[in-house]
Amino acid sequence: MASLKDMRVRIAATKATQKITKAMQMVAASKLRRAQAAAEAARPYAESMEKVLRNIAASVSDPGSAPRLLGGTGSDQVHLLVVCTAERGLCGAFNSTIVRLAREKINALVGQGKTVKILCVGRKGYDQLRRNYAQNIVETIELRVKALGFEHAERVGAKILELYEKGEFDVATLFFSRFRSVVVQVPTALQMIPPVIEAGGGEGGTINYEYEPDELDILAELLPRNISVQVFRALLENAASEQGARMSAMDNATRNAGEMIRKQTITYNRTRQAMITKELIEIISGAEAL
Amino acid sequence: MATFHFELTSPEKLVFSGEVEHVVVPGSEGEFGVLKDHAPLVALLRPGVLTVLGQNEKRFVVRGGFAEVNPKGLTVLADFAAAVEDIDREGLAGQIKNLEEDVADAQDGPAKDQAATRLEQLKAVQSALGH
C-alpha cells in the first residue's frame, strides 16, 4: 500500500492537471467565440458567391463549352480527398471523426476499383492517415497560424487547382467538420469538383443577367475562386468545431480530475486515520502490559 | 433620390451594408455607375476604387472579384476590400517597390507573371488613390 507521502504527491499532481485542463477549457472558450464570429462574417460572401454561380451555371446553354471545372473531366476514376483537420490534439474525438469519415470513403472508393489520392490540410489528419494510406497521400499542408486568413485558403485552393490542371484527379471531395453547436460537430464530406449545383429553384432562377465580359469568361474567373472560398469556409467551420470540441473535452477532463481528487482524498484520510488508530492501540496495549 | 441596397463583402467580413443612391464600380471593361433599378448585371472587377456617391460619400479600395446587380440591389464580392482611409499608403508604396525588385530579379515563368500582375494591380490602386 502506498505511503501517506506518496498519496499526497499523487493528489497534488492531479490538482495540477486539473488546473491545466481548466485553463485550456477557458482558452478554448474565448477562441471559440472568435472563430464563431469569423465563420459568421464569412457567410454572406460564400452565400452570394454560390447564388451567382448557380445562376450563371444554369444559363450556360452548352455544357460542352463550359470550363472543365464546372463540367468535370467526364470520368470519375481518380478521386482526390481533401481532409481538413486540426494542428493540435487534445480536442476530444474531433480529428478522429473527420478521419473516420474520410477512411470510410476511401475504403468504399477502393472497393469500387477507383484510385484515391489524399491531400491533408492539418497535421493531425496526416498523422492518422499515414498509418494505412501513406502511399495515397499526395501532399500535406500545415496551417500553423494564429489567425486564419483567406490567403491560407487560397494556398490550398491553388494546390488543388494545380493538381486538377495537371489532370491528377477527376473528382475532389472536401472533408471537414461542420459546426452545429459547442457539443455537436458534424463531420461532412462536400464534393467540390465538379460542383454539385442544385437545379434552378428559388426566386433567383428567373433573373436574366447581363454579363460583362461574357458568361464563360466570368465562369472561368469565378470557378477557381469558388474553390478557395469553399476551402476557406471549411477551414473556418473546422476552427470553430475544433475549439468547441476542445472546450467540451477539457470540461470533461476537469470534471473527471475533480472526481479523482475527491476519491484520492477519501482514501488518503482513511489511511491516515487507520494509522493513527493503529498507533494508539500500540501505545495503549504497551501501557497495559506494564 | 431613390435608394437601393448595397453590400460590399470580402471573404473575411462584410465591409459595407446599407442604403445608397449611387455607386461607381470599377468593372473589368470600364467603370460603371449603378442607380436604383439598374438592369440585372454580373461584372468582373478590376483593382481600383469603388465610390459610394451621395450625402455621405465613401470610397473603398477593391481588388479582384465581381459585382452582381439584381432587383434587390447591388452586391460586390471582392477578394480584398477596405475603406480608403484604412489603406496604408506608405505600406502600399513599399510593397510596390518590393514587387518591382521581385519582377526585375525573377526568372521568366509563372512566378514572374504572378508578381507582375500583382504589381500592376497595386499600381492601379495607387494611381486611383491619386498619387
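The structure under discussion appears in the preceding block.
Residues numbered from 1 in each chain as written. Chains lettered and ligands numbered in written order. Predicted model: local features only at pLDDT ≥ 70, side-chain atom pairs only at ≥ 80, totals over all residues. Heavy atoms only, no water.

Draft legend 1. The arrangement of the packing of aromatic side chains in detail. A complete count under the given rule lists four aromatic pairs over all chains for this structure. Plain terms: the ring middles of A:Y164 and A:F169 are 5.2 Å apart, the flat faces sit at 50° to each other, and that makes the pair tilted. Judged on exposure class, the residue A:Y164 and its partner A:F169 are both buried. Considering the side-chain rings of B:F6 and B:F16, the 5.5 Å spacing of their centres and the 40° angle between planes classify their relative orientation as tilted. Taken as a pair, B:F6 in strand β1 (residues 4–9) and B:F16 in strand β2 (residues 14–20) lie far apart in primary sequence, ten residues in all. According to the relative accessible area criterion, B:F16 is buried, its value standing at 15%. Members of the aromatic cluster, each reached through a chain of ring pairs, are B:F6, B:F16 and B:F60. Sitting over the face of the ring of B:F80, B:R63 holds its NZ or CZ atom 4.8 Å from the ring centroid. (Phe/Tyr/Trp six-rings, centres within 6.5 Å; stacked < 30°, edge-to-face > 60°. Buried < 20%, exposed > 50% of the residue type's maximum accessible area, 1.4 Å probe, protein only. Helix = DSSP H or I, 4+ residues; strand = E, 2+ residues; numbered from the N terminus. Lys NZ or Arg CZ within 6 Å of the ring centre and 35° of its normal.)

Draft legend 2. Structural detail: helix α5 (residues 150–165) of chain A. Residue and element names in this part refer to chain A. Between its first and last C-alpha atoms α5 spans 22 Å; for 16 residues at 1.5 Å apiece the expected length is 22 Å, and the two agree. Within α5 the residues assigned to the buried category are F150, H152, A153, V156, G157, K159, I160, L161, L163 and Y164. Where α5 is buried, its residues touch α2 (68–71), β1 (78–84), β2 (115–121), β3 (137–141), β5 (185–193) and α6 (215–289). At the C-terminal side of α5, G167 shows a positive phi close to 70°. (Expected span 1.5 Å × (residues − 1). Contact = heavy atoms within 4.5 Å.)

Draft legend 3. Representation of the packing of helix α1 (residues 4–59) of chain A against α6(A). All names here are of chain A. Running from amino to carboxyl end, α1 crosses α6 at an angle of 160°, the nearest separation of the two axes being 5 Å. For the element pair α1 / α6, the angle class is roughly antiparallel. Where α1 crosses over α6, the two elements pack in a sense that is left-handed. Residues of the contact of α1 with α6, tallied by class, amount to 34 nonpolar, 15 polar and 13 charged. (Axes fitted to C-alpha atoms, helices over the stretch in contact; angles between N-to-C directions. Parallel < 35°, antiparallel > 145°, perpendicular 65-115°, else oblique. Left-handed = near helix turned anticlockwise from the far one by under 90°. Nonpolar A, V, L, I, M, F, W, Y, C, P; charged D, E, K, R; others polar.)

Draft legend 4. Structural view of the pattern of salt bridges. On inspection of all chains with the given rule, the structure shows 14 salt bridges over all chains. In this structure, the salt-bridge partner of A:R262 is A:E259, at a minimum N-O distance of 3.3 Å. With a gap of three residues between them, A:R262 and A:E259 both fall in helix α6, about one helical turn apart. Of the residues examined, A:R262 reaches a relative accessible area of 45% and is grouped as partly exposed. Among the salt bridges present, the one from B:E31 reaches B:R46, with a minimum N-O distance of 4.0 Å. Of this pair, B:E31 sits in strand β4 (residues 30–34) while B:R46 sits in the loop between β5 (41–44) and β6 (48–53), and the two are 15 residues apart along the sequence. Accessibility expressed as a relative area gives 32% for B:R46, which makes it partly exposed. Within the structure, one salt-bridge network assembled from shared partners comprises A:E87, A:R123, A:D127 and A:R130. (Salt bridge = Lys/Arg side-chain N within 4 Å of Asp/Glu carboxyl O.)

Draft legend 5. How the structure looks around a nonpolar patch on the surface. All names here are of chain A. On the surface, I276, L280, I283 and I284 cluster together into a nonpolar patch covering about 380 Å² of accessible area. On the secondary structure map, L280 appears in helix α6. Judged by relative accessible area, L280 falls into the partly exposed class, the value being 46%. (Patch = residues over 30% accessible without salt bridge, like charges linked within 9 Å, V, L, I, M, F, W, Y side chains within 5 Å. Areas by Shrake-Rupley, 256 points an atom, 1.4 Å probe, with all protein chains shown as cover.)

Draft legend 6. Representation of the interface of chain A and chain B within the structure. Opposite the 28 residues of chain A that make contact, chain B presents 28 residues. When the buried area of chain A at its contact with chain B is split by residue, A:Y45, A:Y209 and A:E212 rank highest and sum to 30% of it. Run the count over chain A and chain B and you get one salt bridge. Across the pair B:D79 and A:R225 runs a salt bridge whose closest N-O atoms are separated by 3.0 Å. Applying the counting criterion to the chain A and chain B interface returns four residue pairs in polar contact (both at pLDDT 80 or more). Of all the secondary structure elements, the ones that give two or more residues to the side of chain A that touches chain B are α1, α5, β6 (210–212) and α6 of chain A. It is α1(A) that provides the largest number of residues to the side of chain A that touches chain B, a total of ten residues. Classifying every residue of the side of chain A that touches chain B by side-chain character gives 16 nonpolar, three polar and nine charged. Relative to β5(B), β6(A) runs parallel, the two sharing three bridges. Residue pairing in the sheet places A:E212 in a bridge with B:A43 of β5(B). (Buried area = accessible area lost by both parts, 1.4 Å probe. Polar contact = N/O pair within 3.5 Å; in protein donor to acceptor, adjacent residues only side chain to side chain. Pairing = 2+ DSSP bridges.)

Draft legend 7. Structural view of the pairing of β6(B). Residue and element names in this part refer to chain B. Within β6, five of the six residues are buried, which leaves the element mostly enclosed by the surrounding structure. Direction of pairing for strand β3 (residues 22–27) relative to β6: antiparallel, over a ladder of three bridges. The residue bridging H22 from the neighbouring strand is L53, located in β6. The pairing of β6 with strand β7 (residues 58–70) spans five bridges and is classified as antiparallel. Counted as the bridge partner of T51 is R59 from β7. From the end of β6 to the start of β7, which pair antiparallel, there are four residues, and G54 there has a positive phi angle of about 135°.

Draft legend 8. Region of the structure containing the sheet that holds strand β4 (residues 171–179) of chain A. Residues and elements named next belong to chain A. The sheet built from five strands is open, its strands ordered β3-β2-β1-β4-β5 with mixed pairing. Each having just a single partner strand, β3 and β5 make up the two edges of the open sheet. On average, each strand axis in the sheet is inclined to that of its neighbour by 20°, with strand direction left out of account. The sheet contact formed by β1 and β2 spans seven bridges and is parallel. By the bridge assignment for β2, V78 is matched with T115. Lying over the sheet, α6 contacts β1, β2, β4 and β5, oriented at roughly 35° with respect to β4.

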